[in-house]
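The primary structure of each chain is shown beneath.
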Amino acid sequence: MSVKKLDKKALNSWVESLVAGQKVFGVQAKGERFAFAELTDASALRLDYDVTMLPPKKYFLPQREDLLTFKRSGGHESVIECDPFVLLGVHPYDFVAIRQMDAIFEKDNDDIHYKARRNAATIVVCDVQNASENVFAGCMNGAVVEDGYDVLITGIGKDYLLDAGTEKGEALLHGVGAPDARAEDMAERSKVWEANKAALKKHELKCAPADLPKLLGSSEEHPVWAEKAEGCFSCGSCNLVCPTCYCFDVQDEIDWNMDSGRRYRCWDGCMLTNFATVTGNHNFRPKVEDRYRHRYYRKGKYIPEKIGEISCVGCGRCITACVAKIANPVEIYNRLLEGK
Amino acid sequence: MSKPRVAIFDFACCEGCQLQIVNLEEEIIDLVTLVDVVEWREAMSEQSEEYDIAIIEGSITRPQDEERLKEIRERAKILIALGACAVTGGINKLKNNFDLEDVKKCVYGKDAAMPHLDTAMTKAVGEVVKVDFVVPGCPINRAEFAVIVRSLALGKTPVLPTYPVCVECKMRENGCRFEYDEICLGPITRAGCDAPCPSAGHWCYGCRGYVDDPNVNAAKDILEKYGKTIDDLKSKMLLFNSKQEPTL
Ligand code: SF4
Ligand code: SF4
Ligand code: SF4
Ligand code: SF4
Ligand code: SF4
């Protein structure tokens, strides 16, 4: 596969051609922050962003999506939406999270809705140019990705390297009339990677991520859970903004004719009061403390036991999103390391 | 199965929530196909003696209103409180922060003592009679109202969100008002409105009332982190959450 070197102008024409030819979702400014949104004007693309408010998971697992339509008088039909699209500017930590989601949604029952959207996507990853205030991807193996992407964009000095990692990516770069990257350009890219591994550490985890499952295994009774839970609103912001949180609720809705309707799923979060409420109105995690602890166990123990990777990629979104300022995973894990 | 008979009544309010029902527009036709509206002052002149569902809008602010409400309750199988005024007392409860005589004088001046202007402390509908379901908000969210009506017609118990506004706010990918140096009541307010206020760049006023078990203590604690005082928070809560117990 080839790596091309483009200057700013060539990059812009490439984005223009993408936008003209297909559906593209790219990072743009929203207020004083950033968000993925449909890109119709190439100049609105902001590859210099620090972090988006919501991760790109919203394109694979939308906030709300119909799963099937039904008729009470008989019959139902799956709803599968999968128009092809390009996701432009995904940071490495978010790409790591997408690959974790792939592993999760493939397990047990293959999720056809997720899969259809995932197969419809071409993902253009972009190396981080500006670190956000709370990012710690450098501690979580999330600062750089070296494979798996369709295209990887890396800014080196005034130029950009575009690396096609798959056939899909190759097709996306087809017709780009730019020179191939030389050995010294590739060396520049390695420097950017090394720099990002060090720079994306606004919080410093004092152990290897791989040590977390064992640490959590002996921390069930740690006082930090109750202590922090006192300040928790059970607002779920830390779940909703997390690129590796994938929980959803399923509901049915009936039309006015009392016959046709739809079953949809929408984002849920383990910090919300009734997340674990089941039939008979029994809530098996009724206390804020139980829910508060659960989130860290989920990221640091339960998911790793399923897929072999810590399911926190260090994007830092939860830290920023928590109004109470109690959702920093690094702070909690470091505190557990202290013992008391 | 015969269609459920529905009657709509208003007490002290601006009738904005009824207007939201009218604003269902073409869905109004679906609504009246599904249910029989037997009494609705805002839209028709008929009156009825019996109903399966009574929808009550507005707060209870006079002794004679309490009597009228109790009669409605006796005739209704299901009673629904519609909108903030009915559900929590809403804006009308601002009055309960003051001395009743002062309130009368302030509003009616020299006529304050006239018997037809008699008034009492504001009560939510649920403080006078048993309420089966609530549709919160000032005004109500008409999509939510429609879902509740359809659930009832299907024999399903409608459920309101038990999580706070932040959930819907985050789903709409808004920057948080706290980052803009504002106090937002989203973390302690029941969702279901789809967070229109923070999405329009404004803090949440808490018009839907408290979420179940709101962490009001945490709300007090975080003020310091944001350089605010308890009074700043209280002043924000006054409009829709005056004299409320911290549960709905
Ligand atoms: S737990 Fe927090 S820092 Fe880790 S991936 Fe989720 S949002 Fe990002
Ligand atoms: S964002 Fe903060 S307050 Fe909200 S549920 Fe998470 S930890 Fe609790
Ligand atoms: S809740 Fe608001 S809109 Fe509805 S009646 Fe009361 S004041 Fe009017
Ligand atoms: S703006 Fe308000 S509702 Fe939105 S997340 Fe912040 S506190 Fe919650
Ligand atoms: S955001 Fe708050 S004030 Fe606005 S409608 Fe919702 S509950 Fe009411």
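Position numbers for residues start from 1 in each chain and track the written sequence from start to end. In the order they appear in the text, chains get letters beginning with A and ligands get numbers beginning with 1. Only residues with pLDDT of at least 70 are given local features in this predicted model, and only at 80 or more are side-chain atom pairs given and counted; all residues enter the totals for whole chains, interfaces and linings. By convention in this description, side-chain values take in all heavy atoms of the structure and omit both hydrogens and water.

Scored from 0 to 100, pLDDT records how confident the predictor is in each individual residue. Counting all residues, the mean pLDDT for chain B is 90, and 98% of those residues have values of 70 or more. For this predicted complex, the interface score ipTM comes out at 0.95, while the overall pTM is 0.94.

Take the side chain of B:Arg150 next. Mapped onto the elements of the fold, B:Arg150 is located in helix α6 (residues 142–154). Type-normalised accessible area, obtained with a 1.4 Å probe on protein chains alone, sets the label of each residue: buried when under 20%, exposed when over 50%, and partly exposed for intermediate values. The exposure class of B:Arg150 is buried, given its relative accessible area of 8%. A run of H or I in DSSP counts as a helix once it spans at least four residues, and a run of E counts as a strand once it spans at least two, with each numbered from the N terminus.

The next thing to look at is the pattern of salt bridges. By salt bridge we mean one thing: a side-chain nitrogen of Lys or Arg within 4 Å of a carboxyl oxygen of Asp or Glu. Taken as a whole, this structure holds 46 salt bridges over all chains when the rule is applied. Residue B:Arg172 pairs with B:Asp194 through a salt bridge whose shortest N-O separation is 4.0 Å. Residue B:Arg172 is found in the loop between α7 (166–171) and α8 (196–199), and its partner B:Asp194 is found in the loop between α7 and α8; the two are separated by 22 residues along the sequence. Judged by its relative accessible area of 38%, B:Arg172 falls in the partly exposed class. One salt-bridge network, in which partners are shared between bridges, spans A:Lys5, A:Asp159, A:Arg182, A:Glu184 and A:Asp185.

With that settled, the discussion passes to the sheet that holds strand β10 (residues 248–254) of chain A. Residue and element names in this part refer to chain A. With antiparallel pairing, four strands are arranged side by side in an open sheet as β5-β4-β11-β10. At either end of the open sheet lies a strand with only one pairing partner, and these are β5 (76–78) and β10. Each strand of the sheet is rotated relative to its neighbour by a mean of 25°, with strand direction disregarded. By this definition, two strands are paired if DSSP reports at least two bridges between them. Note: β10 against strand β11 (residues 260–267), seven bridges, orientation antiparallel. Counted as the bridge partner of aspartate 252 is arginine 263 from β11. Structural elements are reduced to axes, namely lines fitted to C-alpha atoms, with helices fitted over the stretch in contact, and the angle between N-to-C directions of any two is expressed from 0 to 180 degrees.

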